[in-house]
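Fold and contact review
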Amino acid sequence: MYTLREGKIEDLPRVLELINELALYEKAPEQVTNTIAMMEADGFGPNPVFGMFVCEKNETAEIVGIAIYYYRYSTWKGKRIYLEDLVVTQSERGHGAGKLLFDRIMKKGLEENCTGMMWQVLDWNEPAINFYNKYGATLEAGWLNAHLQDYEIKKILK
């Protein structure tokens, strides 16, 4: 039903469509400022900072899901693989594409000698929480996400 493979630069237009679909689902479409050009440089330039797998529907070869990952370092645990986004287009959810992508990220972490895998899930996203619970994942409470945008950093460091 599905074929999994590493993402290619020519996949980026569809990948960005899926990212926008996720942002809409998460009620934050205006927050996507990434571009195909940025993703080309950041994922396929001389120093890539992310990798990705794509899931294609066999009958159409259409990309119906993506898993984007990168590596982070935990001073407590060592090298970890971080699943930035796992997106399956709405019409394909519940048919196994998400499982294929999630399993592939776990395998990639083991291949790269990571000590574990990390990701985030919104507390209201029950379908995703139920999916991760099937794996016995630990969903932590008590940590707050923090961030500064580049324009905020520039203002602070002025």
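Please refer to the structure placed before this passage.
These notes cover the structure that comes with them. (Residues numbered from 1 in each chain as written. Predicted model: local features only at pLDDT ≥ 70, side-chain atom pairs only at ≥ 80, totals over all residues. Heavy atoms only, no water.)

A look at the overall build of the protein
- When helices and strands are counted, the protein shows five helices and five strands.
- The N-to-C order of helical and strand elements in the protein reads β-α-α-β-β-β-α-β-α-α.
- Counting only C-alpha atoms, the protein reaches 55 × 35 × 35 Å along its principal axes.
- Counting the 158 residues in the protein, one finds 36% classified as buried.
- For the protein, long-range pairs separated by at least 24 residues make up 58% of all intrachain contacts whose partners lie at least 6 apart in sequence.
- Summed over all atoms, the accessible surface of the protein reaches about 10,600 Å², with 54% contributed by carbon and sulfur.
- Here the protein contributes 18 positively and 23 negatively charged side chains, and the mean placements of these two sets differ by 5 Å. (Helix = DSSP H or I, 4+ residues; strand = E, 2+ residues; numbered from the N terminus. Buried < 20%, exposed > 50% of the residue type's maximum accessible area, 1.4 Å probe, protein only. Contact = heavy atoms within 4.5 Å. Areas by Shrake-Rupley, 256 points an atom, 1.4 Å probe, with all protein chains shown as cover. Lys, Arg positive; Asp, Glu negative; His and termini not counted. Charge placed at Lys NZ, Arg CZ, Asp CG, Glu CD.)

Section: helix H4 (residues 126–133)
- Listed in full, the buried residues belonging to H4 are Ala128, Ile129 and Tyr132. One side of H4 holds all its buried residues, which, seen down the axis, span an arc of 100°. Seen from the buried face of H4, the exposed residues on the opposite side, beyond 90 degrees, are Glu126 and Pro127. (Arc of directions from axis to C-beta.)

Some points on the environment of Leu101
- Looking at where Leu101 falls in the secondary structure, it is placed in helix H3 (residues 97–111).
- On the accessibility criterion, Leu101 (0% relative accessible area) is buried.
- Leu101 sits 53 residues away from Lys154 along the chain, and the two C-alpha atoms are 37 Å apart.
- Setting aside residues up to four positions removed in sequence, Leu101 forms contacts with Leu4, Phe53, Val54, Cys55, Gly65, Ile66, Ala67, Leu86, Val87 and Val88.

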